[in-house]
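# Commentary on secondary and tertiary structure
One letter stands for each residue in the lines below.
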Amino acid sequence: MGLQGCLLGLFALILSGKCSYSPEPDQRRTLPPGWVSLGRADPEEELSLTFALRQQNLERLSELVQAVSDPNSPQYGKYLTLENVADLVRPSPLTLHMVQKWLLAAGAQKCHSVITQDFLTCWLSIRQAELLLPGAEFHHYVGGPTETHVVRSPRPYQLPQALAPHVDFVGGLHRFPPTSSLRQRPEPQVTGTVGLHLGVTPSVIRKRYNLTSQDVGSGTSNNSQACAQFLEQYFHDSDLAQFMRLFGGNFAHQASVTRVVGQQGRGRAGIEASLDVQYLMSAGANISTWVYSSPGRHEGQEPFLQWLMLLSNESALPHVHTVSYGDEEDSLSSAYIQRVNTELMKAAARGLTLLFASGDSGAGCWSVSGRHQFRPTFPASSPYVTTVGGTSFQEPFLITNEIVDYISGGGFSNVFPRPSYQEEAVAKFLSSSPHLPPSGYFNASGRAYPDVAALSDGYWVVSNRVPIPWVSGTSASTPVFGGLLSLINEHRILSGRPPLGFLNPRLYQQHGAGLFDVTHGCHASCLDEEVEGQGFCSGPGWDPVTGWGTPNFPALLKTLLNP
């Protein structure tokens, strides 16, 4: 049957499933560890689904990102507004008409779009959703450390073939909420405590990265920063206040969050949510801070997708966003991963600096056709974000040089090719590293990450009014690096310059200037006879374990202040 026949029978297609296709045949649908099914959902129960509509002019968007992010370009710093982005990527009138007609025929209620018109979230009954998406079969599930409830389909869904040019994917069917990889490590053993620190606190970070008490926000600019949380976790204002009383005495700071986007639950505080807020606000001290707190908490929604939609629906946003979220690339459908990458590209075009944690599994490991390979994570592997790895002190209780934290995520994407901005640095690493794993373990031509790093080992956090020591993970290094970039933005804004925006083209052009090069240590990988648990190793210059290195704030400020 031709396309015209499919168009004429659109409503019939909803019911019959003929002329259909699967937008996400490669999406992993196995139940994550710790989740259990509670059985089929009631047909009259309502859920919300998110429809990702096909965008336009993505090649032009990519060109504009390069132009506004490259210091050698005359367009550098001339970021697009949300309205500019909307004019560029807005779906075609035919796409908007086709999708709205299809949803209306299925009885979808209360559909909400975003300013860019490329997402549509609609409420339907389970019965309507299963008719709309043949093959889908909705079940209730519960799992995760907070016993989260979600509605998902263990079976793939189909769409009418007529919609193939118009819909990228439907969100809210398969992907489960992520779980935190943050861990509390055992306290290292030491004899005597003279001149030693007893874990990472704001004063330790400020001393290691050479910040003075004057390196804080002015309180007079419109500068702001944000962290985003998708783990059904919450921070408590009382924990933040206690943290600043304990650890914020020697620098000016703000003791409360400026704005919470999403719902702040009344349950116990989560360690990861507490960590993000406390270290973003102590590294980026005295700067207005937003928190995206599990936005879109309805059972049918995907919180990370909801966050991306919020970015597409607000004109004025914080300049720096730090995110401790990731999934294995291989667990995500090609349609989803490419579309999320486009959303990150849209943010880069607007001059937003997005920092993502590199993950806490080293190079990762999985088995492909009976052979081990390293396992990259996303969005850490996106070419449009700045990815932050992790380090430890060489001497655990002394503020000394840093070495690799063996958990630090890093490697090479199996999805995204190596972007031009990192061509020289990655080629140099591959040709000069004396400890390169066998070539069958990684895709040497892929986007390589991380880009930078910071301390990720042994943090103090206040959660539920209790100071907790030895918290570790790249969820710690990411807000620290983000806070320091916010301080640099403060100087740029006060001197009439635009904020830093998408940092990577500049970072690689400057060959890591302003960063401490981390040259010792390797991260973890596959436990087999060939690599024996060792992934990549750090060395001079850029490497896929700690990127270009960790911040030396005065030098980094000097490097990034002009133009």
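Residues numbered from 1 in each chain as written. Predicted model: local features only at pLDDT ≥ 70, side-chain atom pairs only at ≥ 80, totals over all residues. Heavy atoms only, no water.

As annotated in an unreviewed UniProt entry, the protein chain is Tripeptidyl-peptidase 1 from Macaca fascicularis. Under the UniProt heading Catalytic activity (unreviewed entry), the note attached to the protein chain is "Release of an N-terminal tripeptide from a polypeptide, but also has endopeptidase activity." Heading Function (unreviewed entry) of the UniProt record for the protein chain holds this comment: "Lysosomal serine protease with tripeptidyl-peptidase I activity. May act as a non-specific lysosomal peptidase which generates tripeptides from the breakdown products produced by lysosomal proteinases. Requires substrates with an unsubstituted N-terminus." (UniProt positions renumbered as here; feature names shortened; annotations may be inferred.)

## Overview of the overall build of the protein chain
Helices and strands together make up the secondary structure of the protein chain, namely 15 helices and 30 strands. The globule rule puts the C-alpha radius of gyration for 563 residues at 24 Å, and the 23 Å found for the protein chain is close to it. Taken along the three principal axes of its C-alpha coordinates, the protein chain extends 80 × 55 × 50 Å. A separation of at least 24 residues holds for 81% of the contacts in the protein chain among residues at least 6 apart in sequence. Each charge class in the protein chain was averaged separately, 37 positive and 46 negative side chains, and the resulting centres sit 5 Å apart. (Helix = DSSP H or I, 4+ residues; strand = E, 2+ residues; numbered from the N terminus. Rg over C-alpha atoms; globule rule 2.2 N^0.38 Å. Contact = heavy atoms within 4.5 Å. Lys, Arg positive; Asp, Glu negative; His and termini not counted. Charge placed at Lys NZ, Arg CZ, Asp CG, Glu CD.)

## Quick word on the UniProt feature "active site" (unreviewed entry) in the protein chain
Within this numbering scheme, the UniProt entry marks Glu272, Asp276 and Ser475 as carrying the feature "active site" (unreviewed entry). Despite a sequence span of 204 residues, these residues sit close together in the fold, their greatest C-alpha distance being 7.3 Å. Among the residues examined, Glu272 registers a relative accessible area of 2% and is labelled buried. Once residues within four sequence positions are removed from consideration, Glu272 is found in contact with Ser180, Leu182, Gln229, Leu231, Gln233, Ser324 and Ser475. Apart from the residues lying within four places of it in its own chain, the contact partners of Ser475 are Leu182, Glu272, Leu275, Asp276, Ser324 and Ala357. At a separation of 2.8 Å, a polar atom in the side chain of Ser475 contacts the side chain of Glu272. (Buried < 20%, exposed > 50% of the residue type's maximum accessible area, 1.4 Å probe, protein only. Polar contact = N/O pair within 3.5 Å; in protein donor to acceptor, adjacent residues only side chain to side chain.)

## A short note on the pattern of salt bridges
Following the criterion strictly, the structure yields 23 salt bridges and no others. For Arg208, the salt bridge is made with Glu402, and the minimal N-O distance between the two is 2.6 Å. Pair noted here: Arg208 is in helix H7 (residues 202–208) and Glu402 is in strand E21 (residues 402–404), with a separation of 194 residues, a long-range link. Assessed through its relative accessible area of 11%, Arg208 is described here as buried. Of the charged contacts, one joins Glu423 and Arg418 as a salt bridge, the two residues approaching to 2.7 Å between their closest N and O atoms. By relative accessible area, which is 16% here, Arg418 ends up buried. Taken together, the shared-partner salt bridges connect Arg54, Asp118, Asp168, Arg339, Glu343 and Lys346 into one network. (Salt bridge = Lys/Arg side-chain N within 4 Å of Asp/Glu carboxyl O.)

## Remarks on the nonpolar core
Within the largest apolar cluster, 143 residues are counted, with the highest numbers of intra-cluster contacts made by Leu49, Phe51, Leu133, Phe138, Trp307 and Tyr459. Looking at which element gives the most residues to this core, the answer is helix H11 (residues 334–349), with eight residues. When residues of this core are assigned to domains, at least three map to each of domain 1 (20–55 + 90–171) and domain 2 (202–561). Not counting the four nearest positions on each side in its chain, Tyr459 is found in contact with Val200, Ile205, Leu275, Tyr279, Ile468, Pro469, Trp470, Val471, Ala476, Ser477 and Val480. (Core = buried A, V, L, I, M, F, W, Y, C linked by side-chain atoms within 4.5 Å. Domains from an automatic or database assignment.)

## Considerations on the packing of helix H9 (residues 271–283) against helix H13 (residues 474–494)
Relative orientation of the contacting elements H9 and H13 amounts to 25°, with a least axis distance of 7 Å. Viewed along their axes, H9 and H13 adopt a mutual orientation that is roughly parallel. Considering how the two elements wind past one another, H9 and H13 form a crossing that is right-handed. Facing H9, whose interface residues are Glu272, Leu275, Asp276, Tyr279, Leu280 and Ala283, H13 presents Ser475, Ala476, Pro479, Val480, Gly482, Gly483, Leu484 and Leu487. The residue inventory of the contact of H9 with H13, partitioned by class, reads nine nonpolar, three polar and two charged. (Axes fitted to C-alpha atoms, helices over the stretch in contact; angles between N-to-C directions. Parallel < 35°, antiparallel > 145°, perpendicular 65-115°, else oblique. Left-handed = near helix turned anticlockwise from the far one by under 90°. Nonpolar A, V, L, I, M, F, W, Y, C, P; charged D, E, K, R; others polar.)

## Some points on the domain arrangement of the protein chain
Annotation of the protein chain at the domain level lists domain 1 (20–55 + 90–171) and domain 2 (202–561). Inter-centroid distance (C-alpha atoms) of domain 1 to domain 2 is 31 Å. With 31 residues of domain 1 at the contact, the number on the domain 2 side is 26 residues. Counting the surface lost from both domain 1 and domain 2, the interface buries some 2,300 Å², and carbon and sulfur atoms represent 51% of this. In terms of surface lost to domain 2, no three residues of domain 1 exceed Arg28, Phe119 and Phe169, which account for 23% of the buried area on that side. Counting the contacts that link domain 1 with domain 2 gives five salt bridges. Linking Asp118 and Lys346 is a salt bridge whose minimum nitrogen-to-oxygen distance equals 2.7 Å. (Buried area = accessible area lost by both parts, 1.4 Å probe.)

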